[in-house]
Amino acid sequence: MNERGRVVKFRHVVLVLSVTLLLTATASAQGQTPGGTSTGQPAGGQIGGAPSSRGGGVNLGAPQVPGAARVSTGPSALSLDQAIQLAIQNNLATLLARERRREAEGVRQELLAGLLPNISAAAYQANITQNLAALGFQPSTFPGIRSTFIGPFNNFDARARLVQTIFSLSAIKNYQAGRAGVHIAELEEQLAREQVASGTALVYLEALRADRSVAAAQANVELAQALLKLAEDQHNAGVATGVDVTRAEVRLAAEQVRLAQSQTASEQARLNLQRVVGLPLGASLTLTDQLRFMEEPLPSTETAVAEAAQERREVRVAEEQVRANELEREAVRAELLPSLEFVGDYGVSGITPTNTDLPTRRVAIQLNVPVFNGGLTNGRIAVAASRERQAELELGSVRGQVEEDVRLALSNIRTTAAEVRAANESVQLAERELAMARDRFRAGVADNLEVINAQTALANARDAQVAAITQYNAARLNLAAALGRAETFRW
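This section reports on the structure supplied with the text. Just so you know, these numbers come straight off a predicted model, no measurement behind them.

Scanning the protein chain from terminus to terminus reveals 9 helices and 6 strands. Buried positions account for 38% of the 491 residues belonging to the protein chain. Sequence-distant contacts, at least 24 apart, represent 80% of the contacts inside the protein chain between residues at least 6 apart. For the protein chain, the exposed area adds up to about 26100 Å²; of that, 54% sits on carbon and sulfur atoms.

Next up, the structure:
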């Protein structure tokens, strides 16, 4: 083999080994083996957590938002506001919450029926035979009765019946509990909208991050191509060696692999977004919002906590649940009290509808007094009282969680803002370092090892910048969700 052939083979071996090592290092940094098996912790956690050192390993801690239950046509250019509205219309969580509200309205209607008039009607035409002996009328006991069997004879009756509750404290309390249940279902529907909006915004943010990572990877590829051209020119001029060219080729190959990975991640993020908001999968989709860094003034901790206590749907749901359980307990206790009903009927009775039929009626006031039912009501009172205490305990826990959410969100947004500023400065310094290394290589005073190292540092700095900006916007969304304003959040 001639010298040129050995050099080409050497370059090929170095290229393959270097790309393999780079992919292994990248996978290890992201918590994976080269084969793709995860070795790190499961995805999840607090929104806006600390960013990883690589752009592909950003974990937004997105809540588990189900996919859309129906698909609708939408715009090819999608903003965050449009994405949230589509998700609220199509997502399974909001649609189920809407149906649960309708179910609660049906339960309220059922409970209202106990306070409204109950009107029924019935009619019959009968042919009857009767054994008087079965009723205690024996011929030996009652003179004049020669036979205990009478009939057959006809009997007709047709009448309307009215039952109206005049007073039942238990029925009143049950209806009030039903109305509270409707209010709870309405608040839970609002909570579902908030959760879907928060989850959709995070999915949209992930799609923006993926697009930004593709742009950064493309810039890294273009830079690697330019540096490879520089190495080849220097080699042709006799200033650089073949190893310098091989290093540049390895770096270009690695950046091309990362570009392909970024493009795949971008496609996956778009599919996930389409699945959540209810757009046709695989359709062309352009995101109109941009991933950017914009600091905003933060409210004081006390103001934010007070606002969250008023606005968070979780708190309001827990408060209404306490009220509903209290009404249910009062309704069960009221079963021990008397209730008053009006009972009346009116109709005609006779042999047939046209033979000896006469109008008849009955009007009564009925007092129902519970005396003893084996302790059933007392047991139900104990159950209702326990549920009320459980709801009070849950309310206290929710209030504490809301305050913690706000305090963590404020702390996290300050941290991520500082990380973005540091990442921006790192990119500027890496660009300056690369320019200096390139000048030294062009002047022939150094090989391109310094250039490759500076190029690697710049690529990592760009990835860290994308991750930091993504985490900062996730922290902003986390604060909006902690304050109960996720549905109205905008970048």
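In this section: helix α9 (residues 449-482). Look at α9: 48 Å from first C-alpha to last across 34 residues, which is about the 50 Å you get at 1.5 Å a residue. The element α9 is largely enclosed, with a buried count of 26 among its 34 residues. Just past α9, the residue G484 takes up positive phi, approximately 80°.

So, on to the sheet that holds strand β3 (residues 149-167). Read from one edge of the open sheet, 4 strands run β2-β3-β5-β6, paired in antiparallel fashion. In this open sheet, the two strands that pair with only one neighbour each are β2 (118-131) and β6 (358-368). Sheet twist, expressed as the average angle between the axes of neighbouring strands with direction ignored, equals 25°. Both β3 and strand β5 (residues 339-350) contribute to a ladder of 11 bridges, which runs antiparallel. Paired with D157 across the strands is S349, a residue of β5.

Here the focus is the packing of helix α8 (residues 376-443) against α9. With their axes 7 Å apart at the nearest point, α8 and α9 run at an angle of 160° to one another. On the basis of the axis angle, α8 is roughly antiparallel to α9. In this structure, α8 meets α9 at a crossing whose hand is left-handed. Looking at the contact of α8 with α9, its residues break down into 24 nonpolar, 8 polar and 9 charged.

What follows covers the pattern of salt bridges. Should the charged atoms of two oppositely charged side chains come close, the side chains can pair. The full count for this structure, using the stated rule, is 29 salt bridges. In this structure, E105 and R101 form a salt bridge, with 3.3 Å as the shortest nitrogen-oxygen distance. Here the residue E105 and the residue R101 both occupy positions in helix α3 (residues 92-112), the gap between them amounting to 4 residues, near one helical turn. Between D244 and R247 there is a salt bridge whose closest N-O contact spans 2.8 Å.

In this section: the environment of A409. The topology assignment puts A409 in helix α8. If we ignore the near neighbours within four places in the chain, the residues touching A409 are N478, L479 and A482.

Looking now at the pairing of β6. The buried count for β6 comes to 0 of 11 residues, which makes it a mostly uncovered element. As paired elements, β5 and β6 share 11 bridges and run antiparallel to each other. Bridge pairing in β6 places S339 opposite N368.

Next up on the list: a nonpolar patch on the surface. On the surface, L367, V369, V371 and F372 cluster together into a nonpolar patch covering about 510 Å² of accessible area. Looking at the element boundaries, V371 is found in the loop between β6 and α8. You can call V371 exposed: its relative accessible area is 79%.

Moving on, we come to the packing of helix α2 (residues 80-90) against helix α4 (residues 169-236). Between α2 and α4, whose axes approach to 9 Å, the crossing angle comes to 135°. In this view, α2 runs oblique relative to α4, as classed from their interaxial angle. Seen from above, α2 lies across α4 with right-handed handedness. Contact residues: α2 offers L80, A83, I84, A87 and I88, while α4 offers R193, V196, A197, T200, A201 and Y204. Classifying every residue of the contact of α2 with α4 gives 9 nonpolar, 1 polar and 1 charged.

With that settled, the discussion passes to the side chain of D157. With respect to the helices and strands, D157 occurs in strand β3. What makes D157 buried here is its relative accessible area of 13%. A polar side-chain atom of D157 sits 2.8 Å from a polar atom in the side chain of R159.

So, about the side chain of R313. Relative to the assigned elements, R313 resides in helix α7 (residues 313-334). One buried charged residue, R313, forms no salt bridge at all, with the nearest opposite charge on E194 at 4.4 Å. Not counting chain neighbours up to four residues away, the residues in contact with R313 comprise L187, Q190, L191, E194 and G484.

Turning to α7, a few remarks are in order. Between the first and last C-alpha of α7 there are 31 Å, a value that for 22 residues agrees with the 32 Å anticipated at 1.5 Å per step. Listed in full, the buried residues belonging to α7 are R313, V315, V317, A318, V322, A324, N325, L327, R329, A331, V332 and A334. Where the residues of α7 are buried, they touch α4, α6 (301-311) and α8.

Before going further, it helps to examine the nonpolar core. One finds Y204, L273 and V406 to be the most contacted residues of the largest nonpolar core, which totals 50 residues. Within the residue set of this core, elements represented by two or more residues are α2, α4, α5 (242-277), α6, α8 and α9. Residues within four places of V406 in sequence aside, it is in contact with A304, V305, A308, A482 and L483. Ranked by size, the runner-up nonpolar core spans 23 residues in total, among them L223, L230, A240 and L434.

So, on to the pairing of β3. Sheet analysis places β2 next to β3, joined by 13 bridges and oriented antiparallel. Bridged to A122 within β3 is R159.

Criteria and thresholds
Residues numbered from 1 in each chain as written. Predicted model: local features only at pLDDT ≥ 70, side-chain atom pairs only at ≥ 80, totals over all residues. Heavy atoms only, no water. Helix = DSSP H or I, 4+ residues; strand = E, 2+ residues; numbered from the N terminus. Buried < 20%, exposed > 50% of the residue type's maximum accessible area, 1.4 Å probe, protein only. Contact = heavy atoms within 4.5 Å. Areas by Shrake-Rupley, 256 points an atom, 1.4 Å probe, with all protein chains shown as cover. Expected span 1.5 Å × (residues − 1). Pairing = 2+ DSSP bridges. Axes fitted to C-alpha atoms, helices over the stretch in contact; angles between N-to-C directions. Parallel < 35°, antiparallel > 145°, perpendicular 65-115°, else oblique. Left-handed = near helix turned anticlockwise from the far one by under 90°. Nonpolar A, V, L, I, M, F, W, Y, C, P; charged D, E, K, R; others polar. Salt bridge = Lys/Arg side-chain N within 4 Å of Asp/Glu carboxyl O. Patch = residues over 30% accessible without salt bridge, like charges linked within 9 Å, V, L, I, M, F, W, Y side chains within 5 Å. Polar contact = N/O pair within 3.5 Å; in protein donor to acceptor, adjacent residues only side chain to side chain. Lys, Arg positive; Asp, Glu negative; His and termini not counted. Core = buried A, V, L, I, M, F, W, Y, C linked by side-chain atoms within 4.5 Å.

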